[in-house]
Amino acid sequence: MTVSNLSLNNVTAHKQYSELADIPSSQSANVQDAYPSRLTNPPETLWQPRHDAVIKGRHLSGPLSEAQLDEFERKGFLFIPNLITGNELDELREEMQSLMSTDEYRNKDFSITEPESNEIRSLFAVHKLSERLGALAHDERVAGAARQIIGDDPYVHQSRINYKPGFAGKGFNWHSDFETWHAEDGMPGMHAVSASLILTDNHEFNGPLMLIPGSHMKFVPCLGETPEDNHKSSLKAQEVGVPSAEALTQLVAEHGIEAPKGKAGGLLLFDCNTLHASNANLSPDPRSNVFFVFNRPDNRCREPYAAAKHRPDFLAHAPDESDR
């Protein structure tokens, strides 16, 4: 079975929002930042309420049931086991291995190696590097789910393969992706969703993604000015844009931590503001996934809210870019 490449162009999914908080507004000198972060001084409160709705496309067609949409809205993530199986999964895993072992990618800007080795940890813009992964980014099982969540036909804001080798794969600190995309890329509102297709079995010993359910409803501002070219170090080990220990302690006390696990071929969908992290891989089993971030066209990035300049295009694609 091959990945279906279903065009989303024939789907009209634009919605007129009645609530002001649901309208991503362009950044200007006259528009106040709704989600200020990278602060000089500690904020008065550890977090602020989310201004944007979580599910915005219940009226749209797609693969997710009402119960699944309810779970995503409540927890900020949804795990769908066995979305892809058999030969289709085998072909995707072979494609991943081919991309990750391509020597010409190793020293490119879009290739991130492990902090203490030259082994590729993440490879970005994979929907452009691979026809097969480009097709997967438009597959109705994946992009259709994103459409139901964000409320419009999605475009790929970012894509990557993550690989955490056995015994050597490092962990990653707690963070909200939206905090980074807002501060460093200029994403106005919380109208993006991540889709992570796991390509190896995820278990408790190989560093699975950990998430704080319910944390997507609170924006946690972070301290510290964004360094110049912060992405060059943050993609290896994030130090700026990390919530305080006090905020994390209270959020975990209130909501707990969950780590969705399962066989290769499962799909994890999670909101752009859900706090997540991962431990090091101390097992012999590698952990890998192909990862797409879907954004709404009217939520495209503007000027960064807390950085001197945009990050490179491979980290924040525009909706009018070609997939090839």
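In this report, the structure presented in the accompanying data block is examined. Note that the coordinates shown come from a computational prediction; the quantities given were computed from them, not determined experimentally. (Residues numbered from 1 in each chain as written. Predicted model: local features only at pLDDT ≥ 70, side-chain atom pairs only at ≥ 80, totals over all residues. Heavy atoms only, no water.)

### Thoughts on the nonpolar core
Buried together is how nonpolar side chains tend to be arranged in soluble globular proteins. Of all hydrophobic cores here, the largest spans 45 residues; its most connected members are Leu 136, Ile 149, Leu 269, Val 290 and Phe 294. Residue contacts for Phe 294: discarding those within four places in its chain leaves Ala 137, Val 142, Ala 143, Ala 146, Ile 150, Pro 154, Tyr 155, Val 156, His 191, Ala 192, Val 193 and Ala 195. Tyr 35, Phe 79, Phe 178 and Leu 211 belong to the second-largest nonpolar core, a separate cluster that totals 17 residues. (Core = buried A, V, L, I, M, F, W, Y, C linked by side-chain atoms within 4.5 Å. Buried < 20%, exposed > 50% of the residue type's maximum accessible area, 1.4 Å probe, protein only. Contact = heavy atoms within 4.5 Å.)

### Things to note about the sheet that holds strand E6 (residues 172-175)
One key point about sheets: their strands pair by backbone hydrogen bonds, in either a parallel or an antiparallel sense. Taken in spatial order, the three strands make up an open sheet running E6-E11-E8, and their pairing is antiparallel. Unpaired on one side and paired on the other, E6 and strand E8 (209-211) mark the two borders of the sheet. Neighbour-to-neighbour, the strand axes of this sheet turn through a mean angle of 20°, independent of strand direction. Where E8 and strand E11 (residues 276-278) come together, three bridges link them in antiparallel fashion. The residue bridging Leu 209 from the neighbouring strand is Ser 278, located in E11. (Pairing = 2+ DSSP bridges. Helix = DSSP H or I, 4+ residues; strand = E, 2+ residues; numbered from the N terminus. Axes fitted to C-alpha atoms, helices over the stretch in contact; angles between N-to-C directions.)

### As for the pairing of strand E7 (residues 192-198)
Burial analysis of E7 places seven of its seven residues in the buried class, the great majority of the element. Going residue by residue along E7, you find Ala 192, Ser 194, Ser 196 and Ile 198 tucked away on one face and Val 193, Ala 195 and Leu 197 tucked away on the opposite face as well. Across seven bridges, E7 lies against strand E12 (residues 287-295) in antiparallel orientation. Counterpart to Val 193 in the pairing with E12 is Phe 294. Two strands pair when backbone bridges link them, and E7 and strand E10 (residues 267-271) are joined in this way by five bridges, in the antiparallel orientation. Residue pairing for E10: Ser 194 is matched across the bridge by Phe 270.

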